[in-house]
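# Observations on chain architecture
Listed here are the chains, written in short residue letters.
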Amino acid sequence: ATMTDPTDGIQGVSLCQAIEAANPDYVGDANLFVSWVWRYKIDEFVEALFSYCTEHQLNPANTFVWVCFFCNNQRKWLRPAPGSTRPDGVEVFGQNLLKIKRMVCVVDDFRNAIYFERVWTVYEVFLALLKAVEITVTLLPAARQRFCAEKPDRSCLSTIDVMKARATEERDETTIKAEL
């Protein structure tokens, strides 16, 4: 069944709102902001988060993540209500990052990462550094295995050019690059 968003009376809610309606125990105040790329396979993404929790001795049962895809009402971003505009992404991401104060970057590779080709993830890292938010990095499973086997030095990061990062929406790219 489609749920109605109480903020605008239109059908369509975030995945978190739908989960909370079915089982409130599965949703809580986020204590970990997750910076990631939508292109990741969900099973690899989840495995990376579980690895992160294990390494940092976090109990997954009470680690509540803020993941844009799940927490933002995608209907509002893709099809805003008549007479309204889509949410300001810079504001939404920034407010949540500053409220949570802890970010994990889920990166797909340590060489030529898609992560650093996306302007939103670059912006999240920039804002976290600017506002002294705790940042950690975890790799997707295959990249983690390669990293452990190769043990590369920092030079593998020298090819990152954040000004080449792109967004799906040109207006997002323009706005974010102006901030960078």
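Scroll up to find the structure.
One structure accompanies this document, and this report is about it. This one's a predicted model, so the numbers in the text were calculated from it and none came from an experiment. (Residues numbered from 1 in each chain as written. Predicted model: local features only at pLDDT ≥ 70, side-chain atom pairs only at ≥ 80, totals over all residues. Heavy atoms only, no water.)

## Let's talk about the side chain of Asp5
For clarity, the threshold we go by: Going along the chain from the N terminus, every DSSP run of H or I of four or more residues is numbered as a helix, and every run of E of two or more is numbered as a strand. Any residue under 20% of the maximum accessible area for its type is buried, any over 50% is exposed, and the rest in between are partly exposed; the area is computed with a 1.4 Å probe on protein chains only. Two N or O atoms count as a polar contact when they lie within 3.5 Å, although within protein this holds only if one can serve as hydrogen donor and the other as acceptor, and sequence-adjacent residues are included solely when both atoms are side-chain atoms. Whether two residues touch is decided by their heavy atoms; if any such pair falls within 4.5 Å, the residues are in contact.
Following the sequence through the fold, Asp5 ends up in the segment before α1 (15-22). Since its relative accessible area comes to 1%, Asp5 is described here as buried. One polar contact links Asp5 to Asn73, side chain to side chain, over a distance of 2.8 Å. Setting aside residues no more than four positions away along its own chain, Asp5 makes contact with Ile10, Gly12, Val13, Gln17, Asn73, Arg75 and Lys76.

## Some words on the pattern of salt bridges
Convention followed: Salt bridges are defined as contacts in which a side-chain nitrogen from Lys or Arg sits within 4 Å of a carboxyl oxygen from Asp or Glu.
For the coordinates displayed, the defined rule picks out seven salt bridges. Between Arg111 and Glu150 there is a salt bridge; the shortest N-O distance is 2.6 Å. Of this pair, Arg111 sits in the loop between β3 (102-107) and α6 (119-130) while Glu150 sits in helix α7 (residues 141-150), and the two are 39 residues apart along the sequence. Where Glu173 meets Arg166, a salt bridge forms, and the shortest distance between an N and an O atom there is 2.8 Å. Looking at Glu173, the relative accessible area reads 14%, which means it is buried. Salt bridges sharing common partners tie together Asp5, Asp8 and Arg75.

## Comments concerning the sheet that holds strand β4 (residues 134-139)
Short version of the rule: DSSP calls a pair of strands paired once it identifies at least 2 bridges connecting them. Whenever a helix is involved, its axis is fitted only over the stretch in contact; in every case the axis is a line through C-alpha atoms, and angles between N-to-C directions fall within 0 to 180 degrees.
Taken in spatial order, the four strands make up an open sheet running β2-β1-β3-β4, and their pairing is parallel. Whereas interior strands pair on both sides, the edge strands pair on one side only; in this sheet they are β2 (65-66) and β4. Bridge count between strand β1 (residues 32-35) and β2: two bridges; the pairing is parallel. Bridge pairing in β2 places Leu32 opposite Val65. Contacts between helix α2 (residues 42-55) and the sheet are confined to β1, β3 and β4, with β3 contributing the most and set at about 135 degrees to the helix. Sheet contacts for helix α5 (residues 89-100): β1, β2 and β3; angle to β1, the most-contacted strand, approximately 135 degrees.

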